[in-house]
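Structural description and commentary
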Amino acid sequence: MGEKLGSILVDLVKEGLPASSIHIVGHSLGAQISGFTGKQFLNLTGRRVGRISGLDPAGPCFSNLEPELKLNANDADYVDVIHTNGGVAGLKEPVGQVDYYPNEGEQQPNCLIASCSHNRAWEVFGESLYNETAFPAVRCDSWEQFKKGNCSGIR
């Protein structure tokens, strides 16, 4: 599916769509498909799409794989990822250029089952589009550094 979508995007770019204006958004398996779309686009054009937003990329069958076998930071000029159910339905490890971990990226507030936390990613993404100040964040070099409190101020 990702290969086919990548080919379609190539055709659109040939018709004048700037590759830099392409923003692919995918949730769960759709986030992984977005990565394969970016890879196919790069293979066919030598260029990257502008942006991929991965919303809690699927974890089962994708955890601990090589980067070329899942969504990764090289699949677009900019890859951002929201992790809301890491280690269960979603990936826990960072795969984007920027990875966000709301509520530590695992169990989300008021969610009793994994699918609730997993689906929270697209809700967070949607809210972030309408309210730029809804989700203050800190820049950290790693998850371990975050847990130790060794991060810069709110951004």
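Keep in mind that this is a model prediction, so the values were computed, not measured.

Analysis parameters
Residues numbered from 1 in each chain as written. Predicted model: local features only at pLDDT ≥ 70, side-chain atom pairs only at ≥ 80, totals over all residues. Heavy atoms only, no water. Core = buried A, V, L, I, M, F, W, Y, C linked by side-chain atoms within 4.5 Å. Buried < 20%, exposed > 50% of the residue type's maximum accessible area, 1.4 Å probe, protein only. Contact = heavy atoms within 4.5 Å. Phe/Tyr/Trp six-rings, centres within 6.5 Å; stacked < 30°, edge-to-face > 60°. Lys NZ or Arg CZ within 6 Å of the ring centre and 35° of its normal. UniProt positions renumbered as here; feature names shortened; annotations may be inferred. Helix = DSSP H or I, 4+ residues; strand = E, 2+ residues; numbered from the N terminus. Expected span 1.5 Å × (residues − 1). Pairing = 2+ DSSP bridges. 1 Å grid on protein atoms, 1.4 Å probe; cavity = no way out; pocket = protein on both sides within 12 Å on 5 of 7 lines; lining within 4 Å. Points joined across faces, edges and corners; volume = space filled by probe spheres on them. Nonpolar A, V, L, I, M, F, W, Y, C, P; charged D, E, K, R; others polar. Salt bridge = Lys/Arg side-chain N within 4 Å of Asp/Glu carboxyl O. Axes fitted to C-alpha atoms, helices over the stretch in contact; angles between N-to-C directions.

With that settled, the discussion passes to the nonpolar core. Membership of the largest hydrophobic core comes to 18 residues, with the highest contact counts inside it found for Ile-22, Phe-41, Val-49, Ile-52 and Leu-71. The contacts of Leu-71, once residues within four sequence positions are left out, are Ala-31, Gln-32, Gly-35, Lys-39, Ile-52, Gly-54, Pro-57, Val-79, Val-81 and Val-95. Formed by five residues, the second largest nonpolar core is a distinct cluster that contains Leu-55, Ala-121, Val-124 and Phe-125.

Time to look at the packing of aromatic side chains. For the coordinates displayed, the defined rule picks out zero aromatic pairs. Its end group placed over the ring of Phe-36, Lys-39 keeps NZ or CZ at 5.3 Å from the ring centre.

Mapped onto the present numbering, the UniProt feature "domain: Lipase" (unreviewed entry) falls at residues 2-152. What you have in residues 2-152 is 35% helix and 15% strand, and the ends, taken at the C-alpha atoms, are 37 Å apart.

For helix H2 (residues 29-45), spanning 17 residues, the distance from its first C-alpha to its last is 24 Å, which sits close to the expected 24 Å at 1.5 Å a residue. Once H2 ends, the next one or two residues include Gly-46, with phi positive near 80 degrees.

Looking now at the pairing of strand E3 (residues 76-82). Burial of E3 is extensive: five of the seven residues sit out of reach of the surface. Here strand E2 (residues 49-55) runs beside E3; their pairing, made up of six bridges, is parallel. Within the sheet, the bridge partner assigned to Val-49 lies in E3 and is Ala-76. Bridge count for E3 against strand E4 (residues 98-100) is three bridges, and the pairing is parallel. Paired with Ile-82 across the strands is Tyr-100, a residue of E4.

Estimates place the volume of the largest pocket at around 1,200 Å³. Around the largest pocket sit 34 residues that line it, and Val-98, Asp-99, Tyr-100, Tyr-101 and Ala-137 are the ones nearest its centre. For the lining of the largest pocket, the elements supplying multiple residues, two or more each, are E3, E4, helix H3 (114-130) and helix H4 (143-148). Looking at the lining of the largest pocket residue by residue, the class counts come to 18 nonpolar, six polar and 10 charged.

All chains considered together, the criterion is met by five salt bridges. The shortest N-O distance in the salt bridge between Arg-120 and Glu-123 comes to 3.0 Å. One end of the pair is Arg-120 and the other is Glu-123, both in helix H3 and three residues apart, which spans about a single turn.

Strand order in the open sheet formed by four strands is E1-E2-E3-E4, and the pairing between neighbours is parallel. Looking at the sheet topology across the chains shown, the edges are occupied by strand E1 (23-27) and E4. Sheet twist, expressed as the mean angle between neighbouring strand axes with direction ignored, is 15 degrees. Contacting E1 and E2, H2 crosses the sheet at an angle of about 150 degrees to E1.

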